[in-house]
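Commentary on secondary and tertiary structure
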Amino acid sequence: MKSENSAQIQKAFARQTAGFESRNMNFSKRDYLDYAVACAAPEPSDALLEVAAGTCVCGRAFAPRVRSVVCLDMTTAMLEMGKAAAERDRLQNIKFMQGNAAELPFADGSFDIAFSRLAFHHFPEPETPFSEMARVLKPGGKLVIIDMAAAEEPLRKTEDALEILRDPSHVRNLIRSEMLALYEARGLFVERCKTVRMPVRFDSRMTHTAANQRSCLISAGR
């Protein structure tokens, strides 16, 4: 991952930490967390890696259902919040690690499940973190990605441009075929690929990233 992008991600998410688990945000709601867990269908004996985990809200949802969870993220403030929440909930099978998704510090075949949610649109070269996630999977393991899907052309570039105004660490949303190509290039069988519509409140989304709403709206109108 490029150092400039890494700096953007750390800056953006350090700013977002305080409101990252707000009840107004979809990705912190129980229904969506249960959906994420259901997508991975974990076994009690599984070792799970969450890549670009943020505060590990998903990893903490997985914890009671698996043997162990490792949450890896670039942003220290995010990990500290997640660790405090895990201690509060008395979850003892989670480990928090600072690290780069493009250079996972684990041996080949270390995990039964490699999971990432709402992260791949931040990666300039998504093939690299995907390959790393595939590398650390055990034979027969599961690689699960949940992310925003790109709009159809010609709105795709406009959508990305607006998202960058809101969150400078955004790079681009992938379309369905690009996501599937990541699996196909590495000979991974795709068991499930599904699109789910999630309503999002404009005000809560803008507040979440601490963006300047007025400047974003003005810029978007040019």
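Above this note sits the structure.
Overview of the structure. (Residues numbered from 1 in each chain as written. Predicted model: local features only at pLDDT ≥ 70, side-chain atom pairs only at ≥ 80, totals over all residues. Heavy atoms only, no water.)

1. Some thoughts on the nonpolar core
Under the convention used in this document: Side-chain atoms within 4.5 Å are what join buried Ala, Val, Leu, Ile, Met, Phe, Trp, Tyr and Cys residues into a set we call a nonpolar core. Three exposure classes are used, based on accessible area relative to the maximum for each residue type with a 1.4 Å probe and protein chains only: buried under 20%, partly exposed in between, and exposed over 50%. The helix and strand labels rest on DSSP assignments: H or I over at least four residues marks a helix, E over at least two residues marks a strand, and numbering proceeds from the N terminus.
Formed by 24 residues in total, the largest nonpolar core has its most connected members in L49, L104, F106 and L143. Breaking this core down by element, the ones donating at least two residues are strand 1 (47-51), strand 2 (68-73), strand 4 (111-117), helix 5 (127-135), strand 5 (137-146) and helix 7 (176-185). Judged by nonpolar contacts, the second largest core, of 21 residues, contains L33, F62, V144 and I146.

2. Some thoughts on the environment of I145
Worth spelling out the cut-off: By definition, residues are in contact when any of their heavy atoms lie within 4.5 Å.
Tracing the backbone shows I145 in strand 5. I145 sits 15 residues away from F130 along the chain, and the two C-alpha atoms are 9.2 Å apart. Apart from residues lying up to four places away in sequence, I145 is in contact with S116, F120, F130 and Y183.

3. Notes on helix 4 (residues 76-88)
Every α-helical turn comprises 3.6 residues, leaving residues that sit three or four positions apart pointing alike. Put simply, the rule is: A helix's residues, less one, multiplied by 1.5 Å, set its expected span. Arc definition: directions from the helix axis to the C-beta atoms.
With 13 residues, helix 4 extends 18 Å from end C-alpha to end C-alpha; this agrees with the ideal 18 Å at 1.5 Å per step. Listed as buried for helix 4 are M78, L79, G82, A85 and A86. The buried residues of helix 4 occupy an angular sector of 125° when the element is viewed end-on, so they sit on one face. Seen from the buried face of helix 4, the exposed residues on the opposite side, beyond 90 degrees, are E80, E87 and R88. Note on helix 4: the residue one or two positions beyond its end, R90, has a positive phi of about 60°.

4. Here we look at the side chain of R60
Going by this rule: For this analysis, a polar contact is any N or O atom pair within 3.5 Å, provided that within protein one partner can donate a hydrogen and the other can accept it, and provided that sequence-adjacent residues contribute only side-chain to side-chain pairs.
The residue R60 is located in helix 3 (residues 57-62) in this model. The class of R60 is buried, set by a relative accessible area of 10%. A polar side-chain atom of R60 sits 2.8 Å from the main-chain carbonyl oxygen of T55.

5. Quick word on the pattern of salt bridges
We count it as follows: Only one rule defines a salt bridge in this text: a Lys or Arg side-chain nitrogen within 4 Å of an Asp or Glu carboxyl oxygen.
Inspection of every chain in the model, using the stated rule, returns eight salt bridges. Here K138 makes a salt bridge to D112, at a shortest N to O gap of 3.5 Å. With K138 in strand 5 and D112 in strand 4, this residue pair connects regions lying 26 residues apart in the sequence. Measuring nitrogen to oxygen at the nearest pair gives 2.4 Å for the salt bridge that ties E163 to R166. Here R166 and E163 lie together in helix 6 (residues 155-166), a separation of three residues that amounts to about one turn. Among the residues examined, E163 registers a relative accessible area of 12% and is labelled buried. A cluster of three or more residues bridged by salt bridges with shared partners is formed by D108, E132 and R135.

6. Remarks on the packing of aromatic side chains
Rules: Working definition: rings of Phe, Tyr and Trp (its six-membered ring) pair if their centres are within 6.5 Å, and the pair is stacked with planes under 30 degrees apart, edge-to-face with planes over 60 apart, and tilted otherwise.
Throughout the structure, instances matching the rule amount to four aromatic pairs. Ring plane angle 70° and centroid distance 5.1 Å describe the contact between F62 and F115, whose orientation is recorded as edge-to-face. With F62 in helix 3 and F115 in strand 4, the pair connects residues that are 53 residues apart, well separated along the chain. An identical accessibility class is assigned to F62 and F115; each is buried.

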